[in-house]
Amino acid sequence: MKQKRFENPDQVVEPVFAGATIMVGGFGPSGVPEALTDAICRHDVRGLTIISNNAGTDETGIARLLMQGCVAKIICSFPRATESTVFKERFDAGEVELELVPQGTLAERIRTRGAGLGGFLTKTGVGTELAAGKEEHEIDGETYILERPLPADFALIKADCIDPRGNLTYRKAARNFNPVMATAATTVLVQASCEVDLGAIDPEHIVTPGIYVDRYCIYNSPR
Amino acid sequence: MIADAILAHHLLDRQQIAARVAQDLEDDWVVNIGIGMPTLVPAHIAAQRDVILHSENGIVGMGPPPKNPKDVDPDLLNAGKEPVTLVTGGAYVHHADSFAIVRGGRLDAAILGAFQVAANGDLANWKLRGRPGGNVGGAMDIAVGAKRVFVMMTHTTREGEPKVVEELTYPLTAKGVVSTIFTDMAVIAVTPEGFTLQETAPELTAADVQDATGAPLIVADDLKSISV
């Protein structure tokens, strides 16, 4: 069996290179793989494009990457939350590029990439600023816009339990973007809260099969 | 028109607007709760009711905020990142499935905040004029996906500008989607003929509401006083 387990987050993120595009799981503070984003900060990897729902909470996760100057661009749906103060400073100073994507379209562009599709048609955004430059198609009398798949070099995933194959479960609404991102990136890096033996997770309960997971560590984040 | 100071005294507060919205949610409906003022609505749905609340971050069967601080769970938050609970029989789904629920027509209603609503039902709620960036979140997906969009907002801006308007001057979220507007002054239905004033806050007249509105109001024959 391929050895996917590493001792610590620094070893897990070791392949991450300057200029990489990285998906980061989470919704607000929930389900963010902070041990992995912190490790990237320690490695001081620069010029990153981050794909995530938000642009960091307080001074944690993506906000720490922004503070350190590691981020060149953010692709997200809700960057200017009250608690995203670091993003606001960096964006208003012109230091970070923003691509705003409706949340459902963001999730589906990621899913589409993971499923090997060339794009999808959606009514979301028709007639708005966010549809600028996108092809319109009429299907059964309704107008849709074409959205393209969203690829990434890496996905950073926060899981609840993991077994040696890399099979994953998630905890409550910390699931959010994590399972779809795990299908869409070239290399999938995981921090899991608990480690179990092979066979210990009921196959009916596995959300992400281990075939998607490349490198992981156990990190007991506070619940 | 009554004096501004007296008018302010007669406006509904946020909890009263939330209580009024809750009255229009029917049992067995699946209802999305958006960020901002809509997050106040769940607390006003009586315990014996069976409205299934959806939160965009993958919660089907969202319950009210935990009563006991020890039950706060950082992995169980609403769209506004505030602690909530899961009802018995609730479920978690990932984000792509959560928005398949949204766009797939499974939401009987969505409750959203807004900057402006136009007479044709156009909604603006994601970006202020002239502000770079914006905060779209799930608003565009939910607005086009839900069978009914209930907007919950103050009737005017802090500067007193109408938010119920003839045509949008803020960037569009979705065209022709709003069904009903619940404000601190009134309940207004969006109809093919335009805005129809159905209810006013107690002590306010149809003329008071019209004065604070940027488009003509058709006054319903059975105009009522909001009761919460």
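Calculation notes
Residues numbered from 1 in each chain as written. Chains lettered and ligands numbered in written order. Predicted model: local features only at pLDDT ≥ 70, side-chain atom pairs only at ≥ 80, totals over all residues. Helix = DSSP H or I, 4+ residues; strand = E, 2+ residues; numbered from the N terminus. Rg over C-alpha atoms; globule rule 2.2 N^0.38 Å. Buried ≥ 20, exposed ≤ 12 C-beta atoms within 10 Å, placed from the backbone. Contact = placed C-beta atoms within 7 Å. Pairing = 2+ DSSP bridges. Right-handed = clockwise from strand over helix to strand, strands pointing away. Nonpolar A, V, L, I, M, F, W, Y, C, P; charged D, E, K, R; others polar. Axes fitted to C-alpha atoms, helices over the stretch in contact; angles between N-to-C directions. Parallel < 35°, antiparallel > 145°, perpendicular 65-115°, else oblique. Left-handed = near helix turned anticlockwise from the far one by under 90°.

A. Structural view of the overall build of chain B. The helix and strand inventory of chain B stands at five helices and 13 strands. Computed over C-alpha atoms, the radius of gyration of chain B comes to 17 Å, within 12% of the 17 Å expected from 2.2 N^0.38 for 228 residues, which places it in the range of a compact globule. Overall size of chain B, expressed as C-alpha extent along the three principal axes, is 50 × 35 × 30 Å. Across the 228 residues of chain B, 48% fall into the buried class. Contacts in chain B between residues far apart in sequence, at least 24 positions, make up 64% of those at least 6 positions apart.

B. View of the pairing of strand β2 (residues 48–51) of chain A. Residues and elements named next belong to chain A. Bridge count for strand β1 (residues 21–24) against β2 is three bridges, and the pairing is parallel. Bridge pairing links Ile22 to Ile50 in β2. For the segment spanning β1, helix α2 (residues 34–43) and β2, crossover handedness is right-handed. Alignment of β2 against strand β3 (residues 71–76), held across four bridges, turns out to be parallel. Its bridge partner lying in β3, Ile50 is registered against Ile74.

C. Summary view of the environment of Tyr219 of chain A. All names here are of chain A. The topology assignment puts Tyr219 in the segment after β10 (215–218). As for Tyr219 and Ala159, which are separated by 60 residues in sequence, their C-alpha atoms are 9.9 Å apart. Residues in contact with Tyr219, not counting those within four places in the same chain, are Pro9, Ala35 and Gln191.

D. Summary view of the interface of chain A and chain B. Contact residues are listed per partner, giving 36 residues for chain A and 30 residues for chain B. Taken together, the elements giving at least two residues each to the side of chain A that touches chain B come down to β4 (97–100), α5 (103–114) and α6 (178–184) of chain A. If you tally residues by element for the side of chain A that touches chain B, the top one is α5 of chain A, at six residues. The class makeup of the residues in the side of chain A that touches chain B is 15 nonpolar, 13 polar and eight charged.

E. Here's a closer look at the sheet that holds strand β6 (residues 136–139) of chain A. Residues and elements named next belong to chain A. Taken together, the three strands give an open sheet; going across it, the order is β5-β7-β6, and neighbouring strands pair in antiparallel fashion. Two strands in the sheet have a free side with no partner beyond their single neighbour: β5 (120–122) and β6. Taken over all neighbouring pairs, the strand axes of this sheet differ in orientation by 45° on average, direction set aside. Both β5 and strand β7 (residues 142–147) contribute to a ladder of three bridges, which runs antiparallel. Its bridge partner being in β7, Leu121 is matched across the sheet by Leu146.

F. Focus on the pairing of strand β2 (residues 52–55) of chain B. Residue and element names in this part refer to chain B. By the bridge criterion, three bridges tie strand β1 (residues 30–33) to β2 in an arrangement that is parallel. Considered in β2, the bridge of Val31 is made with Leu53. Between β2 and strand β3 (residues 59–63), which pair antiparallel in sequence order, lie three residues; one of them, Gly58, sits at a positive phi of approximately 95°.

G. Highlighting the sheet that holds strand β9 (residues 164–165) of chain B. All names here are of chain B. The strand order across the open sheet formed by three strands is β7-β6-β9, and the pairing between neighbours is mixed. Looking along the sheet, the strands with just one partner apiece sit at the ends: β7 (123–124) and β9. As defined by bridge partners, strand β6 (residues 116–118) adjoins β7 across two bridges and the pair is classed as antiparallel. In the strand pairing of β7, Val117 is matched with Leu123.

H. Layout of the packing of α5 of chain A against helix α3 (residues 95–103) of chain B. One can describe the packing of α5 of chain A onto α3 of chain B by two numbers: an axis separation of 9 Å at closest approach and a directional angle of 125°. Comparing their axes, α3 of chain B and α5 of chain A come out oblique. Seen from above, α5 of chain A lies across α3 of chain B with left-handed handedness. Counted together, Gln103, Gly104, Ala107, Glu108 and Arg111 of chain A of α5 of chain A and His95, Ala96, Phe99, Val102 and Arg103 of chain B of α3 of chain B form the full contact between these two elements. Counted by class, the contact of α5 of chain A with α3 of chain B contains four nonpolar, three polar and three charged residues.

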